[in-house]
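Topology and contacts: notes
What follows is each chain in one-letter form.
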Amino acid sequence: MSHVLRESAWYFHRDELVASYGSDIKTEVLTRRTTCTFIQDAGMRLRLPQLTIATAIVFFQRFFVRHSFREYDRFTVATTCLFLAGKVEETPKKLRDVIQFCHLQRTKADLHIESKEFYEQKEAVLLTERIVLHTIAFDLTVDHPYKFLFAYVKSMEGDKKLAQVAWNFVNDSLRTTLCLQYRPQHVAAAAIYLACKVLKLPLDNSKGKPWWEALDAKPDDLDHIATQILDLYEDKNNPLSAMKSTILRNNTADPMKPATSWSSSPSTPPPNKTSPSSYGSPPPPPPPSTSSTLPPPPPPPSLAAPHSAPPPPSSPPPPPPPPLDAP
């Protein structure tokens, strides 16, 4: 049985996620993608480890399963998630620095700490942090695909190039809602699957088992995950887009694609500079309420099984992964 009850309650079936999007699905998908790109870029500007950035994105995705983009300003929530993830992953940054760097990443303008705008953003982040913690039920434990990726690569006796390409696929997967659908080990397996296809490496193992069993995965799950990752590379000139029909066993592209996207390849970095407008295609919603009253606790997330999900754009490749012999 490919979809079983999960250890965490933060996994959803694709239909559940789509139902939470409202009427304009494409705008919702694009908003999530661009804001996750913003979190990645701002986290790199803050010199946060990739693990911390990934945790911030997962917090952001979980928060907006329970809330609408019309209720809370997505950039305030994104800034809050970066600040919170830094503390959770024991790589804390001063709130002042997080606010200033996020503001700089978004607007390309400095924010003076003695200005009224800085004070307002600081108060908004502190209030939003309470709301984020309440929304995610203080569940701060996040498992990422990275540790599974390195374990799989070592078991396959793969090299650093394989690890790097698979690492980049995992980073790009953060722009999707795969972290809300599949266990991290399955995302890691799909990333290695795609990396082997791109590098034209065999997917064999010494024990004679099917390669997907060696990675503790199911073929259908890997197809669904790989499809959503490859949907990020929508540029017809991108070789990954052309390879899609040959890489996947079942070419089941998700029909819910936004009208515009930022395409790139895991092995070909996009431009380093990202204009503020690339984060703001949809108009930003109103800021969160300044009321100190918290909403009632959310009901327990559904345990419906995950499946395939809305597609999404890639991002600047983060720093290279640590050596394969790292703990």
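Residues numbered from 1 in each chain as written. Predicted model: local features only at pLDDT ≥ 70, side-chain atom pairs only at ≥ 80, totals over all residues. Heavy atoms only, no water.

**Observations concerning the overall build of the chain**
Worth spelling out the cut-off: Counting from the N terminus, the helices are the DSSP runs of H or I reaching at least four residues and the strands are the DSSP runs of E reaching at least two. When a residue's accessible area, from a 1.4 Å probe over protein chains only, is under 20% of the maximum for its type it is buried; when over 50% it is exposed; and in between it is partly exposed. Using the Shrake-Rupley algorithm and a 1.4 Å probe, accessible areas are obtained, with residue cover drawn only from the displayed protein chains.
The secondary structure content of the chain amounts to 12 helices and 0 strands. For the chain, the α and β elements follow one another from N to C terminus as α-α-α-α-α-α-α-α-α-α-α-α. Looking at the chain as a whole, 51% of its 327 residues qualify as buried. When the accessible surface of the chain is totalled, it reaches about 15100 Å², and 55% of it is carbon and sulfur.

**Concerning the nonpolar core**
Rule in force here: In plain words, nonpolar cores are sets of buried Ala, Val, Leu, Ile, Met, Phe, Trp, Tyr and Cys residues tied together by side-chain atoms within 4.5 Å. Note on definitions: a residue-residue contact is assigned when non-hydrogen atoms from the two residues lie within 4.5 Å.
F38, I39, F60, V77, L82, L149 and F169 are the most contacted members of the largest nonpolar core, which totals 84 residues. In contact with L82, not counting residues within four places along its chain, are I39, A42, G43, L46, L48, A56, V98 and C102.

**What about helix α4 (residues 74-88)?**
What counts, and what does not: Expected helix span is taken as 1.5 Å per residue step, with the number of steps being one fewer than the number of residues.
Taking 1.5 Å of rise per residue, 15 residues should cover 21 Å, and α4 covers 20 Å from first to last C-alpha, within 8% of that figure. α4 sits mainly inside the fold: 13 of its 15 residues count as buried. E90 sits one or two positions beyond α4 and adopts a positive phi of about 60°.

**Examining the state of the cysteines**
This is how the line gets drawn: Criterion for a disulfide: a pair of cysteine sulfur atoms at a distance within 2.5 Å.
Under the defined criterion, the tally for this structure stands at 0 disulfides. Just so you know, C36 is unpaired, no disulfide at all, and the nearest cysteine sulfur is the one on C179, 7.5 Å from it.

**Quick look at the packing of aromatic side chains**
Rules: Pairing of aromatic side chains requires ring centres within 6.5 Å, counting the rings of Phe and Tyr and the six-membered ring of Trp. Pairs whose planes differ by under 30 degrees are stacked, by over 60 edge-to-face, and all others tilted.
Considering all chains together, one arrives at 10 aromatic pairs under this definition. Ring centres of F63 and F64 lie 5.0 Å apart, and the angle between their planes is 85°; this geometry places the pair in the edge-to-face category. Here Y146 and W167 contribute two aromatic rings whose centre-to-centre distance is 4.6 Å and whose plane-to-plane angle is 45°, an arrangement assigned as tilted. Placement of Y146 in helix α7 (residues 145-155) and of W167 in helix α8 (residues 160-173) is noted, with a sequence separation of 21 residues between them.

**Section: the packing of helix α9 (residues 184-199) against helix α11 (residues 219-230)**
Worth spelling out the cut-off: Angles here are taken between N-to-C directions and fall from 0 to 180 degrees, while the axes themselves are lines fitted to C-alpha atoms, restricted in helices to the stretch in contact. These descriptions rest on fixed angle ranges, namely under 35 degrees for roughly parallel, over 145 for roughly antiparallel, 65 to 115 for roughly perpendicular, and the rest for oblique. Should the near helix be turned anticlockwise from the far one by less than a right angle, the crossing is termed left-handed; should it be turned clockwise, right-handed. Amino acids outside the nonpolar list (Ala, Val, Leu, Ile, Met, Phe, Trp, Tyr, Cys, Pro) and the charged list (Asp, Glu, Lys, Arg) are all regarded as polar, and Gly is one of them.
As a packed pair, α9 and α11 sit with axes 9 Å apart at the nearest point and diverge in direction by 70°. Taken as axis vectors, α9 and α11 run roughly perpendicular relative to one another. α11 is crossed by α9, and the crossing has right-handed handedness. Here α9 contributes H186, V187, A189, A190, Y193 and L194 to the contact with α11, which in turn contributes D221, L222, D223, I225, A226, I229 and L230. A breakdown of the residues in the contact of α9 with α11 according to their chemical character gives 10 nonpolar, 1 polar and 2 charged.

**Observations concerning the pattern of salt bridges**
What counts, and what does not: Put simply, a salt bridge is a Lys or Arg side-chain nitrogen that is within 4 Å of an Asp or Glu carboxyl oxygen.
Applying the stated criterion across every chain, the model contains 5 salt bridges. Residues R96 and D97 are paired through a salt bridge, measuring 3.5 Å at the closest nitrogen-oxygen approach.

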